Amino acid sequence: MTTIKTNYNSIRWTGSEIEIIDQTKLPEEELYISLMTIDETWDAISKLKVRGAPAIGIAGAYGFYLGIKDSPETEHAAFLHHAEKVAHYLNSSRPTAVNLNWALQLLLAEIRKQPDKSPAELKNIVLNRAIEIHNEDRELCKAIGEHGVSLVPENARILTHCNTGGLATAAYGTAFSVILHSHFAKKVKMVWVDETRPLNQGSRLTAWELKKAGVPFTLNIDSAAASLMQNGEVDLIITGADRITRNGDTANKIGTYSLAVLAHAHNIPFYIAAPYSTIDLEMETGAEIEIEQRLPMEVTYFGNRQTAPDDIQVYNPAFDITPNHLIAAIITEKGIVKPDYRKNIPRLFS
Ligand code: MRU
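Structural notes, computed from the coordinates. None of these values were measured; they are calculated from a predicted model.

### A look at the site of the ligand
Piece 1. Near the ligand, the surroundings consist of 18 residues, among which R51, A53, R94, N252 and K253 are the closest.
Piece 2. At 2.8 Å, a backbone N or O of A53 approaches an oxygen atom of the ligand.
Piece 3. One of the side-chain nitrogen or oxygen atoms of N252 is found 2.6 Å away from an oxygen atom of the ligand.
Piece 4. Protein burial of the ligand: of its 420 Å² of free accessible surface, 100% is covered by the chains.
Piece 5. A per-class count over the shell around the ligand returns 7 nonpolar, 7 polar and 4 charged.
Piece 6. Two domains share the shell around the ligand, each providing at least three of its residues, namely domain 1 (11-142) and domain 2 (148-349).

### Quick look at the nonpolar core
Across soluble globular proteins, nonpolar side chains show a tendency to be buried alongside one another.
Piece 1. Ranked by size, the top nonpolar core spans 42 residues in total, and within it I11, I18, I20, V50, Y62, F64 and I111 carry the most contacts.
Piece 2. Looking at this core, the elements with two or more residues in it are β2 (11-13), β3 (18-21), β4 (31-35), α1 (38-46), α2 (53-68), α3 (76-91), α4 (98-112) and α5 (119-148).
Piece 3. Of all the elements, α2 adds the most residues to this core, at 11 residues.
Piece 4. Those residues in contact with I18, other than ones at most four positions away along the chain, are I11, R12, W13, I33, S34, L35, T41, A59, Y62, G63 and L66.
Piece 5. Grouped together as the second largest cluster of nonpolar side chains are 25 residues, L159, L228, A263 and I268 included.

### Some thoughts on the side chain of H181
Piece 1. Tracing the backbone shows H181 in helix α6 (residues 175-184).
Piece 2. Not counting the four nearest positions on each side in its chain, H181 is found in contact with K142, G145, E146, V149 and Y172.

What counts as what
Residues numbered from 1 in each chain as written. Predicted model: local features only at pLDDT ≥ 70, side-chain atom pairs only at ≥ 80, totals over all residues. Heavy atoms only, no water. Near = heavy atom within 4 Å. Polar contact = N/O pair within 3.5 Å; in protein donor to acceptor, adjacent residues only side chain to side chain. Areas by Shrake-Rupley, 256 points an atom, 1.4 Å probe, with all protein chains shown as cover. Nonpolar A, V, L, I, M, F, W, Y, C, P; charged D, E, K, R; others polar. Domains from an automatic or database assignment. Core = buried A, V, L, I, M, F, W, Y, C linked by side-chain atoms within 4.5 Å. Buried < 20%, exposed > 50% of the residue type's maximum accessible area, 1.4 Å probe, protein only. Helix = DSSP H or I, 4+ residues; strand = E, 2+ residues; numbered from the N terminus. Contact = heavy atoms within 4.5 Å.

What follows is the structure, encoded as structure tokens:
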């Protein structure tokens, strides 16, 4: 079932199903689709109909509920076993953003720690916790934006990559929230929007969101970022994150690492913005992060147009790792974390 709406909500729980804006259709079409089963949720996450680390966590949480709600199990142990299988399956939809596993583990913990409750009661507890995860993300993103404004100078020209806006979160976004709140504070002169090949999250989604919000921006191809910096047109760079390890190494959309290296070469501050749900204290360094490899077709076709010969080898990682020494600060809902990350991240988030 689909409906067209004018105001967007990346994800909405209708009471019985997940309604998402199909991000693969933007900007041509603002199409809302319903996910009624765990399989539909898995498919929507893996095809990037719903995408962005926090949004994947929220969709995964509701998908988990869809996966357990019809379980016929009456014994706690059997119900937990079913829930673990559901979590394992959903977590296989995309490997890099930790928010998905973070949300699934939270929900599993609710079941594990309450063996005295019946499966019927636990299903309700899980749904309420999923709704809390969703609501909390709004607050986290707002706080990230408010904290981030202090790092943005007057008349700032900010470069960003991929999409980190309301589409990628419950609302406001992460790096996007910093941009939005800085715009409200009248500090933003220009946002440079990296197109973000191959799936164009920058041109399709960030440009769409910035336009709606009335923030001044210019779209550039990814490879123009270097010359923008060389010409003194960029004051700071802010991106989001899919997973931040204990030492501050950060996985984010492919191309983020090149931006961080460029920023270093041009003496421009490079910031990451992310909520606590993106911080993985179980991993020491970025070397442990699994990087999702995606289909060759995303590179050999531009939309429906074939742009490379058939039967060739393609390298298409969805993310890369930016080492901690290139990151000037990490903007979180709790405030701004500066190096030494190995000390300061666990201090704030343990
Ligand atoms: O492959 P995507 O579009 O899900 O990648 C998204 C990103 O890399 C974002 O920068 C990240 O998830 C942060 S979103 C607030």
